[in-house]
Amino acid sequence: MGSGADFLILSRIRRKLTGLLLAALFLPSATLGATLDDVTDPETVFGSGGFTGGDTLSIGPGVSGGWGGLRTPLDLETQLLRRIEATPSDTDLLKNLALLYVRTGRLEAARTTLEKVHALEPGDTAVAIDIARLARTTGGTAAARAALEGFKKDADDTFPYRLALIQLDYDTGALVSARRGLEGMLTEDLPQARAHSLRLLFARYLLAEDESEAARAQIETVLETTPQNPDALAFRAFFRLKNLDLDGAQSDIAIGLATEPANTSLLRLAARADWRAGQHAQAVEHLLAAVSASDYQTDIVLDAVDVLEETAQRDEALRQIGIAIKRHPAAAQLVARLGTLRLAAEDWDGAERAAASLRQFGTPQAVGDSEKIRLAVLRGRGQAEAAQSLLSQLAASGSDLGAIAEVVNTHLAQDERGAAMDYVAGLLEKAPENPALLLMNASLNEMAGNTGFAEAGYRAVVQKIPASPIAHIALAQHLMREGRPTEAEAAIRAGLAQRPEDPSLKMPLVEILLRRQEIEPALQNMEELVRAYPDNALVANNYVALVTDYAVEDAARLELATSVAGQLKSSPIPQLRDTYGWLLHKRGDHQAAKTVLTAVLEEIPEDAWANYHLGMVKVSLGEDDDAIVHLRHALATTDASFDKTDVVVATLGSLEGQ
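Not measured: the values here are computed from a predicted model.

A. Here's a closer look at the packing of aromatic side chains. All told, the structure shown has 7 aromatic pairs when counted by the stated rule. Measuring from centroid to centroid gives 6.1 Å for tryptophan 609 and tyrosine 612, while their planes differ by 80°, and the two rings are edge-to-face. Here the residue tryptophan 609 and the residue tyrosine 612 both occupy positions in helix α33 (residues 608–620), the gap between them amounting to 3 residues, near one helical turn. Take tryptophan 609 and tyrosine 612: they sit in the same class, and that class is buried. Plain terms: the ring middles of tryptophan 609 and phenylalanine 642 are 4.9 Å apart, the flat faces sit at 70° to each other, and that makes the pair edge-to-face. Here phenylalanine 642 lies in the loop between α34 (624–635) and α35 (645–656) and tryptophan 609 lies in helix α33, a separation of 33 residues in the sequence. An aromatic cluster is present here, built from Trp582, Trp609, Tyr612 and Phe642 joined pairwise through their rings.

B. Looking closely at the nonpolar core. Formed by 82 residues in total, the largest nonpolar core has its most connected members in Ile492, Met526 and Leu568. Top element by residues in this core is helix α29 (residues 537–550). It accounts for 8 residues. Other than its neighbours up to four places away in sequence, leucine 568 contacts Ala537, Ala540, Asn541, Val544, Leu576, Arg577, Thr579 and Tyr580. Counting 77 residues, the second-largest nonpolar core is a separate cluster that includes Met185, Ala195, Tyr205 and Ala331.

C. View of the side chain of arginine 577. With respect to the helices and strands, arginine 577 occurs in helix α31 (residues 574–586). For arginine 577, a relative accessible area of 12% translates into the label buried. Side-chain polar atoms of arginine 577 contact the backbone oxygen of serine 571, separated by 2.7 Å. Those residues in contact with arginine 577, other than ones at most four positions away along the chain, are Leu568, Lys569, Ser571, Pro572, Val596, Val600 and Glu603.

D. Highlighting the packing of helix α28 (residues 519–532) against helix α30 (residues 555–565). Two elements in contact, α28 and α30, have axes separated by 12 Å at closest approach and are oriented at 35°. Where α28 crosses over α30, the two elements pack in a sense that is left-handed. Taken together, the residues of α30 that come into contact with α28 (itself represented by Glu520, Leu523, Gln524, Glu527, Val530 and Arg531) are Arg557, Leu560 and Val564. Class assignment of the residues belonging to the contact of α28 with α30 gives a composition of 4 nonpolar, 1 polar and 4 charged.

E. A look at the environment of alanine 467. Assignment of secondary structure puts alanine 467 in the loop between α24 (451–464) and α25 (469–481). Taking C-alpha positions, alanine 467 is 5.5 Å from glutamine 498, a pair spaced 31 residues apart along the chain. Look past the residues within four positions of alanine 467 in its chain and what remains in contact with it is Gln498 and Arg499.

F. Looking closely at α29. With 14 residues, α29 should cover 20 Å at 1.5 Å per step; its first-to-last C-alpha distance of 20 Å lies within 8% of that length. Across the 14 residues that make up α29, a large majority, 13, are buried. Capping the start of α29 is the job of one residue whose side-chain oxygen sits 3.0 Å from the backbone nitrogen of leucine 538: asparagine 536.

G. Spotlight on α31. Here α31 contains 13 residues, and its C-alpha end-to-end distance of 18 Å stays within 8% of the 18 Å for a straight helix at 1.5 Å per residue. Buried residues dominate α31, accounting for 11 of its 13 residues. Those residues of α31 that fall on the buried side of the exposure criterion are Pro574, Leu576, Arg577, Asp578, Thr579, Tyr580, Gly581, Trp582, Leu583, Leu584 and His585. Here the buried face of α31 lies against α29, α30, α32 (590–603) and α33. Glycine 588 sits one or two positions beyond α31 and adopts a positive phi of about 95°.

Cut-offs and rules
- Residues numbered from 1 in each chain as written.
- Predicted model: local features only at pLDDT ≥ 70, side-chain atom pairs only at ≥ 80, totals over all residues.
- Heavy atoms only, no water.
- Phe/Tyr/Trp six-rings, centres within 6.5 Å; stacked < 30°, edge-to-face > 60°.
- Helix = DSSP H or I, 4+ residues; strand = E, 2+ residues; numbered from the N terminus.
- Buried < 20%, exposed > 50% of the residue type's maximum accessible area, 1.4 Å probe, protein only.
- Core = buried A, V, L, I, M, F, W, Y, C linked by side-chain atoms within 4.5 Å.
- Contact = heavy atoms within 4.5 Å.
- Polar contact = N/O pair within 3.5 Å; in protein donor to acceptor, adjacent residues only side chain to side chain.
- Axes fitted to C-alpha atoms, helices over the stretch in contact; angles between N-to-C directions.
- Left-handed = near helix turned anticlockwise from the far one by under 90°.
- Nonpolar A, V, L, I, M, F, W, Y, C, P; charged D, E, K, R; others polar.
- Expected span 1.5 Å × (residues − 1).

Right under this line is the structure:
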């Protein structure tokens, strides 16, 4: 297993870059998620707007700044209570206190505080709806419904509460009731703005039910009467991005932003479109504008910080997270992200301070994140013994799988396989049905040569959690290592029967198809993946590589490859830029391809594929002497994935025989 597991690799897709693919059985304790390369979904772009709880309130904090150097929730709570005692009718202070209570897990206190706000401002609809949200979290759906019905009964304008009741139905699975409620409201004689809001909400419901055409019809109805409606344009841009119509999406975004420059949905969509087009600097600019327009909304800040770090702008990321924490000091996620930024900068003191602040929140998530930062600090300072002690404490609970995996990996790194097996076996005695521990145990037994026991373990996990992709993948990997590809394919297809769109299952299937030279089914599966994940650069890379290898004469596929390839040209990964340069060559733009590939080889001069690509480009440009140098370099490779030896030999024979 080495670093975790011997995964199925797409050997004919040049890069051993699996992107979304397969999660290691032995996971690190913390990883950073992608931002602009995930699935585009309405909740990410437009916000959830539901009754599902979370760590924030729709009212937001009434006072965005002024907390200076306060470092902990306890400090902030003390200061807020002191100021409220002096001015008990200050609703902004009360809202901030309620938000602090929510973010530190004290939901009853938050609800009581908001009820004080409502008594002072009975017409504040956002406060009333937040009270109902908290009622659902603490007392269930019936409590939330009773609260909303009570507010509706006393309200002069019942529209917001009727809409909230529909949303509550939707969030609790009463989809038919929610849909009928919305359709009924749409038949009423409503002001245009409200009718449009209902149609946009209805479009979201329809999208969630995979009724894309019906959702699009609702959007077009709004745009027929108000063609510059920024929210409707954002929805249409969303549709167009999903359908890989980048130009159309960017046109809608531009019109919408001209009408409402601070529309956060449009700004976030603009960033996504820029990223797909390979315009990373412009994507960052739009994301930072969204941060500012949202008053440093936590999820938008975290998106921006991830992108800033990915584009090597850590100082700006630190600046943005610092501003956000000053505005929202009770947001534990921001403090946790500050800690990871400090770790990346090897600022051990700063990371330690962040961990200490994080621990003060007291929630299990915050405490766990704090301990992981502390662990990294100890390792960074070279305090291996203290780090190992802390790691053992984290793993001892049995609930932190990342810590458990690190303990196992530590044993393996020290060639203590028996100790690793004993450790996992001990944990299984306490939790014999834990699937992750069962997978670890099976994998360790496979390493020890107990292949029959390992296979039985893998199959047991598949039976226990048939909807888990990693269970099917682990079994398939084992079967491939045993030289049983037909059974491995069956394991992958069994997983796809449970989760038909899961990329971690589809990608191994593509490899299996390629090994059998079933090119068309492989292309079809990759096509489905690239349509589902158009902003994942590694999925785009693998699709472009497949098309340029096997379908360059297929105009539709070449166009699809081109539509997602823009993000490759600015990638920090030279192999992805290599794929982009090869696509340019296949489209006949040899000079542009030469420019891209020459820069790539400055970073990875020994890469067989990059040398092959530049060599072939130089053949097309008539630069035969340089072409021979690069093709010989490619021929000397030890890269097992390089499968163009016959082409190189034939081309060299032709060039050297002239």
